[in-house]
Amino acid sequence: MIRIAVDVYGGDNAPDCVLDGALEAMREMPDIHVIFCGAQEEVRKLLAGRPHDEARVRIIDAPDVITNHESPTLAIRRKLNASLVKTMDAVKAGEADAAVTAGSTGAALAGGIFRIGRIRGINRPALAPLLPTAAGKPVMLIDCGANVDCKPEYLVQFALMGQAYMRGVMGVDKPKVGLLNIGAEDEKGNDLAKSTFPLLRDHPLVDFYGNVEARDALTGCVQVIVCDGFAGNILLKSTEGAAQLILGKLKDGLLSSTRSKVGALLVKPALKGLKNELDYEQYGGAALLGVTGAVVKAHGSSKAHAYACAIRQARTMVEGKVVDIIAGQLSAAAGDAAK
């Protein structure tokens, strides 16, 4: 049985969508046990009206909430009864195998670092979402906002962690790594990109493709895109906005006349498939890589199905032994560096 701790009060649609998503995940995956972290009496009352297997549910009393307006580090250290803190603590104590939250990104990062702890050798844990590609298989973007200022060695660690995830969770045998840049030529970029390029190129454990421009990020030419959190967040939000714009304009056009509505009925199955491919909910959330536990940060606006997908992602991280693989990669890299 895989135990998943869930932050009941994380996200814009908590607690109802969190509970509905977790119960959806339980129906889909009979091998998971869900630990709800929230005010015990409230959670118990909300669950009472929802059919579920009580033997696979546990509640940890966590009545406090960390908001987006609080200092993440101070809140994590002071609000010890907060739902997000208790979620992370359950992993640290070995009561849960993974944690899922849609709460404050800063608090989730601080919780991963200060409550669970970093993997030895990792300087900066990173948030790593999966994005759809033209090739049909997702690409990992690492980092997407946890570290806006980076050093070249951080990006090398991001590459190692990204490769470990794509192998362990996504089943990619030899994931290629690309460095996000303003041009494909080796000498392109700012100081960070220019300093990072030779480190990735010459690293014995990194299958380095080279520089990747933003317009090529979703082609599927690589399986991991490495960048600092500032550039990564801009790329992520830009692709989300572009997808929403395209789908919105397409919908408006198809409903603009009787003729187009008839045509819409004919292409409805294809359009539904397109929407699913571009829907971030299908990928769950951003994995927090670099901490000694499986942690998934779901989108703040997640609905029930998105939570279910995030829980599925956390389960797969546990099954794929991502933390162990990352620790092994870092140990091997340290050994090569010492030679």
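Below is a summary of the structure that appears in this document.

What counts, and where the lines are drawn
Residues numbered from 1 in each chain as written. Predicted model: local features only at pLDDT ≥ 70, side-chain atom pairs only at ≥ 80, totals over all residues. Heavy atoms only, no water. Helix = DSSP H or I, 4+ residues; strand = E, 2+ residues; numbered from the N terminus. Buried < 20%, exposed > 50% of the residue type's maximum accessible area, 1.4 Å probe, protein only. Polar contact = N/O pair within 3.5 Å; in protein donor to acceptor, adjacent residues only side chain to side chain. Axes fitted to C-alpha atoms, helices over the stretch in contact; angles between N-to-C directions. Parallel < 35°, antiparallel > 145°, perpendicular 65-115°, else oblique. Left-handed = near helix turned anticlockwise from the far one by under 90°. Contact = heavy atoms within 4.5 Å. Nonpolar A, V, L, I, M, F, W, Y, C, P; charged D, E, K, R; others polar. 1 Å grid on protein atoms, 1.4 Å probe; cavity = no way out; pocket = protein on both sides within 12 Å on 5 of 7 lines; lining within 4 Å. Points joined across faces, edges and corners; volume = space filled by probe spheres on them. Patch = residues over 30% accessible without salt bridge, like charges linked within 9 Å, V, L, I, M, F, W, Y side chains within 5 Å. Areas by Shrake-Rupley, 256 points an atom, 1.4 Å probe, with all protein chains shown as cover. Salt bridge = Lys/Arg side-chain N within 4 Å of Asp/Glu carboxyl O. Phe/Tyr/Trp six-rings, centres within 6.5 Å; stacked < 30°, edge-to-face > 60°. Pairing = 2+ DSSP bridges. Right-handed = clockwise from strand over helix to strand, strands pointing away. Expected span 1.5 Å × (residues − 1).

## Some words on the side chain of His203
As for its placement among the helices and strands, His203 is situated in the loop between helix H7 (191-202) and strand E9 (208-212). Note on His203: relative accessible area 16%, which makes it buried. Within the structure, the side chain of His203 is placed 3.0 Å from the backbone nitrogen of Leu205, a separation counted as a polar contact.

## Describing the packing of helix H1 (residues 16-28) against helix H10 (residues 304-319)
Packed helix pairs are characterised by how far apart their axes lie and by the angle those axes make with each other. At a minimum axis separation of 7 Å, H1 and H10 run at an interaxial angle of 50 degrees. When the interaxial angle is binned, H1 and H10 end up oblique. Two packed elements cross with a definite hand, and for H1 against H10 that hand is right-handed. Across the interface between the two elements, Cys17, Val18, Asp20, Gly21, Ala22, Glu24, Ala25 and Glu28 from H1 touch Ala304, His305, Tyr307, Ala308, Ile311 and Arg312 from H10. Classifying every residue of the contact of H1 with H10 gives eight nonpolar, two polar and four charged.

## Brief notes about the layout of surface pockets
Its boundaries defined by the atoms lining it, the second largest pocket holds a volume of some 310 Å³. Along the walls of the second largest pocket sit 16 residues, with Leu180, Asn181, Ile182, Asp228 and Ala231 positioned nearest its centre. For the lining of the second largest pocket, the leading source of residues is helix H8 (residues 229-254), giving three residues. Residues of the lining of the second largest pocket, tallied by class, amount to twelve nonpolar, three polar and one charged.

## Considering a nonpolar patch on the surface
The grouping of Val148, Phe230 and Ile234 at the surface amounts to a nonpolar patch, some 290 Å² of accessible area in total. Mapped onto the fold, Ile234 is located in helix H8. Residue class for Ile234 comes out partly exposed when judged on its relative accessible area of 46%.

## Focus: the environment of Arg56
With respect to the helices and strands, the residue Arg56 is situated in the loop between helix H2 (40-48) and strand E3 (57-61). Taking the C-alpha atoms as reference points, Arg56 and Tyr9, separated by 47 residues in sequence, lie 20 Å from one another. Side-chain polar atoms of Arg56 contact the backbone oxygen of Met26, separated by 3.0 Å.

## Here's the deal with the packing of aromatic side chains
What the rule picks out here adds up to one aromatic pair. Taking the centre distance of 5.2 Å and the plane angle of 75 degrees together, the rings of Phe197 and Phe208 count as edge-to-face. Taken together, the residues span a long stretch of sequence, with Phe197 in helix H7 and Phe208 in strand E9 at a distance of eleven residues. For Phe197, a relative accessible area of 5% translates into the label buried. What makes Phe208 buried here is its relative accessible area of 16%.

## What to know about the pairing of strand E8 (residues 177-180)
Looking along a regular strand, one sees side chains alternate from face to face of the sheet. Side chains of E8 alternate between two faces, with Val177 and Leu179 and Gly178 and Leu180 buried alike. Taken together, the four bridges between E8 and E9 define a ladder with parallel strand orientation. Paired with Val177 across the two strands is Phe208, which belongs to E9. The parallel pair E8 and E9, bridged by H7, forms a crossover whose chirality is right-handed.

## What about the environment of Leu130?
The topology assignment puts Leu130 in strand E6 (residues 130-131). Of the residues examined, Leu130 reaches a relative accessible area of 8% and is grouped as buried. Spatially, the C-alpha atoms of Leu130 and Ala287 are 8.8 Å apart, while their sequence positions differ by 157 residues.

## Considerations on the pairing of E3
Bridging between strand E2 (residues 32-38) and E3 involves five bridges; their strand directions are parallel. Paired with Ile35 across the bridge in E3 is Arg58. Crossover handedness for the path E2 to H2 to E3: right-handed.

## So, H8
With 26 residues, H8 extends 37 Å from end C-alpha to end C-alpha; this agrees with the ideal 38 Å at 1.5 Å per step. Within the sequence span of H8, burial applies to Gly229, Gly232, Leu235, Leu236, Thr239, Ala243 and Leu254. At the N-terminal end of H8, a side-chain oxygen is found 2.9 Å from the backbone nitrogen of Phe230, two or three residues along, and the residue is Asp228.

## Brief notes about the packing of H1 against H2
Where H1 contacts H2, the two axes come as close as 11 Å, and the packing angle between them is 60 degrees. The orientation of H1 with respect to H2, classified from their angle, is oblique. Here H1 runs over H2; the crossing is right-handed. Facing H1, whose interface residues are Asp16, Leu19 and Leu23, H2 presents Val43, Leu46 and Leu47. Its residues placed into classes, the contact of H1 with H2 shows five nonpolar, no polar and one charged.

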